[in-house]
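Understanding the architecture of this molecule
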Amino acid sequence: MTVTLRRAPGQPVIYGHRGARGILPENTMEGFAHLRAIGADGVEMDVRYAAGRVPVVIHDPLMPMQLARDPKGRWLDAPGPRIADLTVAELQRYDVGRLSPDSPYAGRYPVQRPVDGALIPTLAQFLDWASADPDLVINIEIKSDTGPHETSDQPELLAEDVLALIDAHGVAAQTVVSSFDWRVLDWLRQHAPALSRGYLTYEQPDAFQPAGPVPPWLDPRLLSPAGDSLPRLIAGLDGQAWCVHFRDLTADRLAEAHDLGLAVNAWTVNHASDIARMIAMGVDGVITDYPDLALALRASG
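Residues numbered from 1 in each chain as written. Predicted model: local features only at pLDDT ≥ 70, side-chain atom pairs only at ≥ 80, totals over all residues. Heavy atoms only, no water.

This next bit is on the overall build of the protein. When helices and strands are counted, the protein shows ten helices and nine strands. Out of the 301 residues belonging to the protein, those deemed buried represent 54%. Look at the contacts in the protein between residues 6 or more apart in sequence, and 63% of them connect residues 24 or more apart. If you sum the accessible surface of the protein, you get close to 12700 Å²; carbon and sulfur atoms cover 54% of it. (Helix = DSSP H or I, 4+ residues; strand = E, 2+ residues; numbered from the N terminus. Buried < 20%, exposed > 50% of the residue type's maximum accessible area, 1.4 Å probe, protein only. Contact = heavy atoms within 4.5 Å. Areas by Shrake-Rupley, 256 points an atom, 1.4 Å probe, with all protein chains shown as cover.)

Pairing between side chains becomes possible if they bear opposite charge and their charged atoms approach one another. Taken as a whole and judged by the stated rule, the model has 18 salt bridges. Of the charged contacts in the structure, one is a salt bridge between D116 and R69, with a shortest N-O distance of 2.8 Å. One end of the pair, D116, is in the loop between α3 (104-108) and α4 (123-130); the other, R69, is in the loop between β3 (54-56) and α2 (88-91), and 47 residues separate them in sequence. Residue D116 is classed as partly exposed on the basis of its relative accessible area, which comes to 47%. Owing to a relative accessible area of 13%, R69 belongs among the buried residues under this scheme. Shared partners join several salt bridges into a network, and the residues in it are R69, D95, R98 and D116. (Salt bridge = Lys/Arg side-chain N within 4 Å of Asp/Glu carboxyl O.)

Before going further, it helps to spend a moment on the packing of aromatic side chains. Inspection of every chain in the model, using the stated rule, returns seven aromatic pairs. Here the aromatic rings of F126 and W129 are separated by 5.7 Å at their centres, their planes lie at 45°, and the arrangement is tilted. Note that F126 and W129 are positioned in helix α4 at a spacing of three residues, about one turn of the helix. Just as F126 is buried, W129 falls in that class too. Geometrically, the ring pair formed by W182 and Y199 is edge-to-face, given 5.0 Å between the ring centres and 90° between the ring planes. (Phe/Tyr/Trp six-rings, centres within 6.5 Å; stacked < 30°, edge-to-face > 60°.)

As structure tokens, then:
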């Protein structure tokens, strides 16, 4: 049995992005606990390797200066060591419970409440928590850092270790694994075809989208014939969900994806007007830093 990702119009799954990044420190157990307290439907979080092939819950490939303090309580003045080079014990010497007050990042999340002492959890610790609620939809985004600045092991190895933990905790029926690196999803399609997969895409013309003929979230081995739309590409790979940046989504693209049997999850939707528009459009999931707001907007109809 797999998680039900397609939802009735106007009743999308509300996923707390990185837990509840707008409200509490991101990718922390304190942020995840907030989701359970408010009755959120789903949780989205990031996974990458620590040393020794241990999956841990953190977004950045380097210790993030905007939210990490060293063991002496000092803010980092530059991105810190590679996550993949640190053991869990070394990672958990950093406090990630408060945004650096002078950072632009703190300006983006002015109401985030600090939780001094919050630590980077392992995926196993997260799944111990998540498995206690069988109705919670778990969205695990695998970060692989492919390309010229690759900072982790082969993405297929990470997919293998994440799958082993999903199986060990018995949460496959409530989990969707997503990634911008479609090699991760291709490996899962071959080795765990019953596990739901979400194909992340981003098409906005900005610094996150490198120039070149092949978008960074597509591996050339997986390209379908030229001219295929993203929904057709994903459906052709037996995907279950298209995880699309909300500004890239139109009503026509949503209808095409639904006609192909795909669920459509829009990320990262933070402003009330955008959340309301996505809900009215009929998306199946809203991934947001403000799950409290999204739940209220969904309830208001």
